[in-house]
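Observations on the three-dimensional arrangement
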Amino acid sequence: MGKFKVMKPVNEVDVSCVIYKEEDIKAPHLTGFLFKLFVKMLEAPLIGSLIVESLKKNNGMTQIFRNTVIPEEPMFRPVFPSQKPEVDVVLVGEDESPVDRLETALKCLPQYDPSLSFQADSISSFRYWKIRDYAYAYRSKLTTPSVVAEKTISIIEEFKYDKSPTPFLISFDANEVRKQAEASTHRFEQGHPISILDGVFITIKDDIDCLPHTTTGGTTWLHEERSVEKDSVVVSRLRSCGAILLGKANMHELGMGTSGNNSNYGTTRNPHSPERYTGGSSSGSAAIVASGLCPAALGTDGGGSVRIPASLCGVTGLKTTYGRTDMTGSLCAGGTVEVVSPLASSLEDTLLVYAVILGSSSADRLNLNPTPPCLPKLFSHNGGNAIGSLRLGKYTTWFNDVHSSDISDKCEDILKLLSNNHGCQVVEIVVPELEEMRAAHVVSIGSATLCSLTPYCEDGKTPKLSYDTRTSFAIFKSFSASDYIAAQCLRRRLMEYHMDIFKNVDVIVTPTCGMTAPLIPPEAVKNGETNFQVAAYLMRFVVAANLLGFPAISVPVGYDKGGMPIGLQIVGRPWAEATVLTLAAAVEELAPITKKPAVFHDVLSTKRIH
């Protein structure tokens with residue numbers, strides 16, 4: 001009798017009988033010489049395939065893809081059933097100008113009170129400068145974009161944030177920053193700033209095109225093969241609002257890792273503890289925001305790559321619905337799990353940047369039929385019933401499967417406050433087939449990445465990749481066409497499960513990551529490392545939003561006993577960014593006081609109002 005498994009159709013599965021299975025990764029943790037030797041063996045014709053097949057078998061992937069009958073048809077990219085419109089929201093037009101959308105977003109925020117930021121007696125506790133603080137300081141002539149630019153440039157040059165061994169930035173041009181700042185300063189002098197973003201510094205992850213910089217994707221060679229002719233769509237939208245684009249942020253090479261390790265340019269360090277990782281792959285984007293050099297940055301999220309570093313660095317990271325933002329001009333434009341999304345030091349700045357960059361491509365408008373984008377009425381969330389009516393789905397055994405109970409405890413504390421203060425209802429749910437979901441995500445993102453880079457690898461570029469990227473590619477190359485089709489059948493199956501869940505809840509809540517920022521092994525600095533156990537903890541809760549395309553956000557909710565940040569993840573229905581942002585705003589208000597990172601730079605220090 002065969003050892004294969006036959007799955008029941010989703011509508012015949014009794015989810016109450018599902019038993020949670022803790023993730024048990026069976027793979028070596030390697031650094032240094034042994035890691036380099038391991039990669040050489042992986043790439044050897046015979047022994048390499050034997051090692052990869054053993055890894056896949058020991059971690060259940062062979063059973064899932066080769067020994068399982070999946071009844072559903074494949075779904076090659078997220079396709080959503082029609083959704084009910086969100087309530088108590090403000091509609092914005094995708095065809096409106098980014099400046100107009102930004103004005104609409106401003107009207108959704110509570111009234112701005114400069115005394116909260118600038119009065120001497122209001123600064124006893126730490127807080128990040130927000131976009132509206134910059135705008136107020138410029139309009140009130142407390143400082144100018146050029147003054148802030150010079151301060152920022154001097155910090156970057158003094159601390160070598162654009163150079164190895166610990167850079168925030170891969171590409172930085174001080175004269176280009178000065179040029180943008182001078183233009184912005186002139187607009188303020190003339191009394192005609194473009195928008196609230198005029199003169200505000202934003203950093204762009206180095207897999208998103210931004211002139212005059214090249215795009216390396218964290219590699220040492222991609223910019224030689226791929227020229228940048230114009231800004232990506234999202235960057236052009238930011239530029240049209242007067243934002244000052246600081247440079248290209250460091251990242252895990254080609255987005256193929258969750259730690260943020262980059263042996264090509266140096267590994268970005270966590271501002272809360274420089275001996276620890278930032279998380280990845282949007283490592284530089286998260287770190288530069290957490291360090292105070294920018295109030296916001298752009299990242300890309302294909303496997304938690306915005307939310308993971310946001311959580312580990314104590315900032316906010318939004319992953320939009322698949323197709324909500326136009327990916328044209330980014331390295332992952334052809335993927336089926338990735339989005340461009342913002343990271344920011346506050347929820348309101350996340351909302352403002354999101355309002356600027358949203359807008360689907362013409363192809364996605366035709367194929368995905370997105371609902372009109374909406375913004376939350378954050379000015380009224382204390383008095384309204386939008387939050388109190390929300391049902392929060394929680395899969396308790398999954399929620400508690402973390403490296404330290406500090407994480408689940410802090411997240412649970414926030415859920416209790418949401419219930420007690422706002423009347424939110426926490427609903428117990430079951431998320432079936434989490435192991436299959438993780439496997440389907442790996443095959444989906446791995447196959448797409450490999451497809452886009454195979455021409456370069458065939459041209460001899462593989463040896464120029466870092467060792468951990470080569471490890472990933474060796475595994476990706478083992479995926480067959482039938483593996484890929486099976487993964488897409490699982491995608492449809494998992495979409496059906498989640499749509500059933502969303503019939504009873506409005507959002508799903510989890511910790512963002514299963515652990516706080518891990519230590520950087522000293523021997524991993526030069527050549528990287530492979531640590532699938534840590535990757536599993538970091539990715540434990542993030543994959544559904546990528547494979548299935550849902551909007552999700554990570555919001556800081558406190559710190560572990562070692563002082564490292566913890567994030568709560570909120571996953572919403574398709575196209576329901578406004579609901580996710582509304583709840584995230586309430587979480588931000590309930591969260592403990594923000595701690596000043598060990599590495600922090602006050603670039604907007606001005607004369608205080610007395």
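The structure we're discussing is the one just above.
Below is a short write-up of the structure. (Residues numbered from 1 in each chain as written. Predicted model: local features only at pLDDT ≥ 70, side-chain atom pairs only at ≥ 80, totals over all residues. Heavy atoms only, no water.)

**Considering the overall build of the protein**
Where we set the bar: What counts as a helix is a DSSP run of H or I of at least four residues, what counts as a strand is a run of E of at least two, and both are numbered from the N terminus. The atom set for the radius of gyration is the C-alpha atoms, and the globule formula is 2.2 Å times the number of residues raised to the power 0.38. Relative accessibility under 20% of the residue-type maximum defines a buried residue, over 50% an exposed one, and the middle range a partly exposed one, all with a 1.4 Å probe and only protein chains included. Here, two residues are considered to be in contact whenever any of their heavy atoms come within 4.5 Å of each other. Here the open area of atoms and residues is found with the Shrake-Rupley method and a 1.4 Å probe, where only the protein chains shown may cover a residue.
Looking only at helices and strands, the protein has 23 helices and 19 strands in total. What you see for the protein is a C-alpha radius of gyration of 23 Å, in line with the 25 Å of a compact globule of 610 residues. When the 610 residues of the protein are sorted by exposure, 62% land in the buried category. Sequence-distant contacts, at least 24 apart, represent 80% of the contacts inside the protein between residues at least 6 apart. For the protein, the computed accessible surface area is about 22,900 Å², with 54% contributed by carbon and sulfur atoms.

**Examining the packing of aromatic side chains**
Condition: Aromatic pairs are defined between Phe, Tyr and Trp rings, using the six-membered ring for Trp, whenever the two ring centres lie within 6.5 Å; interplanar angles under 30 degrees are classed as stacked, those over 60 as edge-to-face, and all others as tilted. Remark: a charge is flagged as sitting over a ring if the NZ atom of Lys or the CZ atom of Arg is within 6 Å of the ring centre and within 35 degrees of the ring normal.
Within the structure shown, the criterion is met by 21 aromatic pairs. Between Trp 221 and Tyr 456, the ring centres sit 5.5 Å apart and the planes meet at 55°, which makes this aromatic pair tilted. With Trp 221 in the loop between strand S6 (201–205) and helix H9 (222–225) and Tyr 456 in helix H17 (residues 434–461), this residue pair connects regions lying 235 residues apart in the sequence. On the numbers, 5.3 Å between centres and 45° between planes, the contact of Trp 398 with Phe 541 is tilted. Note that Trp 398 is positioned in helix H15 (residues 396–399) and Phe 541 in the loop between helix H21 (532–539) and helix H22 (543–547), a separation of 143 residues in sequence. With relative accessibility at 3%, the residue Phe 541 sits in the buried group. Through pairs of rings, three or more aromatic residues link up here, namely Tyr 20, Tyr 395, Trp 398 and Phe 541. The ring of Tyr 559 has Lys 595 sitting right over it, with the charged end atom 4.7 Å from the ring centre.

**A closer look at the nonpolar core**
The criterion, for reference: To form a nonpolar core, buried Ala, Val, Leu, Ile, Met, Phe, Trp, Tyr and Cys residues must be joined to one another through side-chain atoms within 4.5 Å.
Judged by nonpolar contacts, the single largest core of 171 residues is most densely connected at Leu 238, Leu 418 and Ile 570. It is helix H19 (residues 481–501) that contributes the most residues to this core, nine residues altogether. With sequence-adjacent residues up to four places away left out, Ile 570 is seen in contact with Val 507, Ile 508, Val 509, Pro 551, Ala 552, Ile 553, Val 555, Val 580, Leu 583, Ala 584 and Val 587. Core analysis: the second largest hydrophobic core is formed by 11 residues, Leu 42, Val 52, Leu 55 and Ala 474 among them.

**Notes on the side chain of Glu 433**
Among the secondary structure elements, Glu 433 is positioned in the loop between strand S15 (425–428) and H17. For Glu 433, a relative accessible area of 16% translates into the label buried. When neighbours within four sequence positions are excluded, Glu 433 is seen to be in contact with Met 7, Arg 493, Leu 494 and Tyr 497.

**Here's the deal with the sheet that holds strand S18 (residues 552–559)**
Basically, it comes down to this: Here, strands pair whenever DSSP counts at least two bridges between them. Axis lines are fitted to C-alpha atoms, over the contacting stretch for helices. Their N-to-C directions set the angle, which ranges from 0 to 180 degrees.
Taken in spatial order, the 11 strands make up an open sheet running S5-S7-S6-S10-S12-S11-S18-S19-S16-S14-S15, and their pairing is mixed. Each having just a single partner strand, strand S5 (169–171) and S15 make up the two edges of the open sheet. Each adjacent strand pair in this sheet contributes to an overall mean axis angle of 35°, direction not counted. Helix H8 (residues 174–189) rests against S6 and strand S7 (244–249) of the sheet, and its axis sits at about 160° to S7.

**Thoughts on unusual backbone geometry**
The linkage connecting Leu 211 with the following residue, Pro 212, adopts the cis geometry, with an omega of 5°. Within the secondary structure, Pro 212 is located in the loop between S6 and H9. Residue Ser 281 follows Gly 280 across a cis peptide bond; omega there is 10°. Looking at where Ser 281 falls in the secondary structure, it is placed in the loop between strand S9 (273–277) and helix H11 (283–290). Of note in this structure, Asn 369 is not a glycine but carries a positive phi near 50°. You can see Asn 369 is positioned in the loop between helix H14 (362–368) and strand S13 (374–376). Positive phi is not limited to glycine here, since Trp 575 has a value of about 70°.

**Side note on the packing of helix H1 (residues 32–43) against helix H2 (residues 45–58)**
Operational definition: Oblique is the label for any angle not under 35 degrees, not over 145, and not in the 65 to 115 range, which are roughly parallel, roughly antiparallel and roughly perpendicular in turn.
Packing of H1 against H2 leaves a shortest axis separation of 5 Å and a crossing angle of 105°. For the element pair H1 / H2, the angle class is roughly perpendicular. Between H1 and H2, the contacting residues are Phe 38, Met 41, Leu 42 and Glu 43 on the first element and Pro 45, Ile 47, Gly 48, Ile 51, Val 52 and Leu 55 on the second.

**A few points about the pairing of strand S11 (residues 316–319)**
Across the two faces of S11 the burial is the same, with Thr 316 and Leu 318 and Gly 317 and Lys 319 all buried. Pairing between S11 and strand S12 (residues 339–344): two bridges, direction antiparallel. Counted as the bridge partner of Gly 317 is Leu 343 from S12. When S11 meets S18, the two strands line up antiparallel, connected through three bridges. Each residue of the ladder has a partner; that of Lys 319, found in S18, is Ala 552.

**Comments concerning the packing of helix H16 (residues 405–422) against helix H23 (residues 577–590)**
Helix-helix packing: each pair is described by the crossing angle between the helix axes and the interaxial distance. Rules: Following the grouping adopted for this structure description, the nonpolar residues are Ala, Val, Leu, Ile, Met, Phe, Trp, Tyr, Cys and Pro, the charged ones are Asp, Glu, Lys and Arg, and the polar ones are all others, Gly among them.
Here H16 crosses H23 at 100°, and the two axes come no closer than 10 Å. The orientation of H16 with respect to H23, classified from their angle, is roughly perpendicular. Within the contact between the two elements, H16 uses Ile 414, Leu 417, Leu 418, Asn 421 and His 422 and H23 uses Leu 583, Ala 586, Val 587 and Leu 590. When grouped by side-chain class, the residues that make up the contact of H16 with H23 number seven nonpolar, two polar and no charged.

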